[in-house]
Amino acid sequence: MEVLQWLLSGGGGAASTTSQFFTVIHGVCSEENRHVNNVGKITVPASTKEGIEKLWIDAGHNARSALKSVVEVFVPCKQKVDLNVNKWQIQQGDTLAVFVAVHPVENFFEKLNIALRTRLWNDPLVNVTFGSSVVPAYPVLGDPHTWRALVPTTPLDELGTRALEVEVRDGRHKDFHGVVEILKRDFPVEYLWLNDTKSTIHGTKEEMEAVEGFISRTTTEQYWQGRFLLPTKGRVTTDYGVQRYYNGVFAERYFHRGVDYGAVEGTPVKAPANGQVVLIGEEKRGFELHGNCVGLDHGQGVTSILMHLDSICVREGMMVQAGEIVGTVGETGLATGPHLHW
């Protein structure tokens, strides 16, 4: 109790408003019945609103270090991060999967620490950095004590090592510092010849902004479950990462960002996994490069875009299930024949 009073009286715990802080304290203590009576004895000086806010602003300068000190009193020995990755050597274009196990809290003060960080300061519990990029991490569906970060690489990434750093911000873990190596992968080269109309297509400003917003979208909830399904029938005509010559000219800094499936026009296209329809693009409304397309948000930064469709049979905002038909194969946009780009 003395520690908690010290924390409230200036040792730490900055919040945008006093009421937010006490909401967290109450929420944590309601789960710890043995502390309810003690916490109920905390009193706030009867002063003006400005005085209370000033108290918290002054205390806030040392909040993080003070809270860390409190936690270390009760958790003196920090453990190593329980971490797994799918591979420590990856090739260009691979996705690195980082899994971090966060063990359940064992006492009231650990619970208070996590509540302060996540509810007041909006700090993610698990922070993953790859090279110079911060990569979002999220709890795995059905296993809230395992967090996952998916780190994409591209065929254009430079070879060599990248620092992998993982921080579990609960005061119980040491920071992890490791190294992942990116190895070279040889990608095929493809030659395409476009007619005069197709060769002038570069994508409209509105189209590119809409797609960029879609790609950068992140949703904390995980919608997908298990393995993804193939979205249509047909053989793979162009794989991921292929480089191209257009009308005899090499496309610098370009790589094929999906997989093409050759199929007859009108072949059904299905959602590869559960998700929300967050992008509908139409060739007649300026999507001259992507053509008619559907963008699905599968949650936690995982998205699918289904391009060059002939028809679309979903609308923006809908939730779809894996295997549900969202459109049909076509050749709208920059396409040389009927196919699906996923």
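Along each chain, numbering runs from 1 in the same order as the chain's sequence is written. The model is predicted, so local features are restricted to residues of pLDDT at least 70 and side-chain atom pairs to those at 80 or more, both for listing and for counting; the totals for chains, interfaces and linings are taken over all residues. Where side-chain values are given, they derive from all heavy atoms of the structure, hydrogens and water being excluded.

J.: Please clarify how the side chain of Arg 244 should be interpreted in this entry.
T.: Only runs of H or I of at least four residues qualify as helices and only runs of E of at least two qualify as strands under DSSP, and these elements are numbered from the N terminus. Assignment of secondary structure puts Arg 244 in strand S12 (residues 243-246). The cut-offs for exposure are 20% and 50% of the maximum accessible area for each residue type, with area from a 1.4 Å probe on protein chains only; residues under the lower value are buried, those over the upper are exposed, and the others partly exposed. Relative accessible area serves as the criterion here: at 9%, Arg 244 is assigned to the buried category. A contact between two residues is defined here by any heavy atoms of the two lying within 4.5 Å. If sequence neighbours within four positions are ignored, Arg 244 has contacts with Glu 190, Leu 192, Thr 238, Val 249, Phe 250, Ala 251, Tyr 254, His 256 and Asp 260.

J.: I tried to follow unusual backbone geometry on my own but got confused; where do I start?
T.: The general pattern is negative phi for most residues beyond glycine and trans for most peptide bonds. The phi dihedral of Asn 247 falls on the positive side, at around 50°, and the residue is not glycine. Position of Asn 247 relative to the elements: it lies in the loop between S12 and strand S13 (249-250).

J.: Would you mind going over the sheet that holds S12 with me for this structure?
T.: Strand pairs in the sheet, formed through backbone hydrogen bonds, run parallel or antiparallel to each other. Each pair of strands is called paired provided DSSP finds at least two bridges between the two strands. With mixed pairing, three strands are arranged side by side in an open sheet as S10-S12-S13. Whereas interior strands pair on both sides, the edge strands pair on one side only; in this sheet they are strand S10 (189-192) and S13. Here S12 pairs with S13 via two bridges, running antiparallel. Within S13, the position partnered with Tyr 246 by the bridge is Val 249.

J.: Explanation requested: the packing of aromatic side chains in the structure shown.
T.: Whether two aromatic rings pair depends on their centres lying within 6.5 Å, for rings of Phe, Tyr and Trp, where Trp uses its six-membered ring; planes under 30 degrees apart make the pair stacked, over 60 edge-to-face, and the rest tilted. Taken as a whole and assessed by the stated rule, the structure comprises six aromatic pairs. For the pair Tyr 246 and Tyr 254, a centre-to-centre distance of 6.0 Å together with 75° between the ring planes defines the contact as edge-to-face. By way of ring pairs, the aromatic residues Tyr 191, Tyr 245 and Phe 250 are connected into one cluster. Charge-over-ring contacts are defined here by two conditions on Lys NZ or Arg CZ: a distance within 6 Å of the ring centre and an angle within 35 degrees of the ring normal. Just above the ring of Phe 255 sits the side chain of Arg 257; from NZ or CZ to the centre is 4.1 Å.

J.: Would you explain the side chain of Arg 148 in this entry?
T.: If you trace the backbone, Arg 148 turns up in strand S7 (residues 143-152). Charged-residue counts in this description rest on Lys and Arg as positive and Asp and Glu as negative, His and the chain ends being excluded. For salt bridges, the criterion is a side-chain nitrogen of Lys or Arg within 4 Å of an Asp or Glu carboxyl oxygen. The side chain of Arg 148 is buried and forms no salt bridge, while Asp 143, the nearest opposite charge, is found at 9.1 Å. A distance of 3.4 Å separates a polar atom in the side chain of Arg 148 from a polar atom in the side chain of Gln 300. Discounting chain neighbours no more than four positions away, the residues touching Arg 148 are Val 98, Phe 99, Pro 136, Ala 137, Tyr 138, Val 140, Gln 222, Trp 224 and Gln 300. Throughout this description, a polar contact denotes any pair of N or O atoms lying within 3.5 Å of each other; where both atoms belong to protein, one of them has to be capable of donating a hydrogen while the other can accept it, and for residues adjacent in sequence the pair is counted only when both atoms sit in side chains.

J.: What's the story with the sheet that holds strand S4 (residues 126-130) in this structure? I'm lost.
T.: The mixed open sheet is built from five strands, whose spatial order is S2-S9-S8-S4-S5. Looking at the sheet topology across the chains shown, the edges are occupied by strand S2 (89-91) and strand S5 (133-135). Strand-to-strand twist of the sheet, defined as the mean angle between neighbouring strand axes without regard to direction, takes the value 30°. Across three bridges, the pairing between S2 and strand S9 (residues 176-183) is parallel. Paired with Gln 91 across the bridge in S9 is Leu 183. Where helices are involved, their axes are fitted lines through C-alpha atoms of the stretch in contact, as for all axes, and angles between N-to-C directions lie from 0 to 180°.

J.: Can you help me understand the nonpolar core in this one?
T.: Here is a general trend for soluble globular proteins: nonpolar side chains tend to be buried in one another's company. Each nonpolar core is a collection of buried residues, namely Ala, Val, Leu, Ile, Met, Phe, Trp, Tyr and Cys, held together in the definition by side-chain atoms within 4.5 Å. The biggest cluster of nonpolar side chains holds 23 residues, and the ones touching the most others in it are Leu 96, Val 98, Val 100, Val 126, Val 128, Phe 130 and Val 166. Looking at this core, the elements with two or more residues in it are strand S1 (82-85), strand S3 (95-101), S4, S7, strand S8 (160-168) and S9. If we ignore the near neighbours within four places in the chain, the residues touching Val 128 are Ser 133, Val 134, Val 135, Ala 137, Ala 149, Leu 164, Glu 165 and Val 166.

J.: Hey, could you run me through helix H7 (residues 205-215) in this one?
T.: Within an α-helix, residues lying three or four positions from one another point in the same direction, as the helix has 3.6 residues per turn. Turning to H7, its buried residues number three or more, namely Glu 207, Val 211 and Phe 214. Down the axis, H7 shows its buried residues gathered within 55° of arc, on one side only. Exposed positions of H7 whose direction lies more than 90 degrees from the buried face are Lys 205 and Glu 206. Contacts from the buried residues of H7 go to strand S16 (275-281), strand S17 (292-299) and strand S18 (302-312). Relevant arc is that of directions from the helix axis to the C-beta atoms, nothing else.

J.: Explain the pairing of S10 here, please?
T.: Residues in a regular strand point their side chains to alternate faces of the sheet. Burial along S10 is one-sided: the face carrying Glu 190 and Leu 192 is buried and the face carrying Val 189 and Tyr 191 is not. Here S10 runs beside S12; their pairing, made up of four bridges, is parallel. Across the sheet, the residue bridging to Tyr 191 is Tyr 245, located in S12.

J.: Before we go on, may I ask you to explain the pairing of S9 in this structure?
T.: Note: S8 against S9, seven bridges, orientation antiparallel. Paired with Glu 165 across the strands is His 177, a residue of S9.

J.: Help me out: how do you make sense of a nonpolar patch on the surface in this one?
T.: Each patch is built from salt-bridge-free residues with over 30% relative accessible area, joining like charges within 9 Å and nonpolar side chains (Val, Leu, Ile, Met, Phe, Trp, Tyr) within 5 Å. Where accessible areas are quoted, they stem from the Shrake-Rupley method and a 1.4 Å probe; at the residue level, only the protein chains shown are allowed to cover. Taken together, the side chains of Val 189, Tyr 191 and Trp 193 present a nonpolar region at the surface, about 390 Å² in accessible area. Looking at where Val 189 falls in the secondary structure, it is placed in strand S10.

J.: Just to check I follow, could you spell out the environment of Gln 243 for this structure?
T.: By the element assignment, Gln 243 lies in strand S12. In this structure Gln 243 comes out as partly exposed when scored by relative accessible area, which is 24%. For the pair formed by Gln 243 and His 256, sequence separation is 13 residues and the distance between their alpha carbons is 6.4 Å. Leaving out residues up to four positions away in the same chain, Gln 243 has contacts with Pro 188, Val 189, Glu 190, Phe 250 and Tyr 254.

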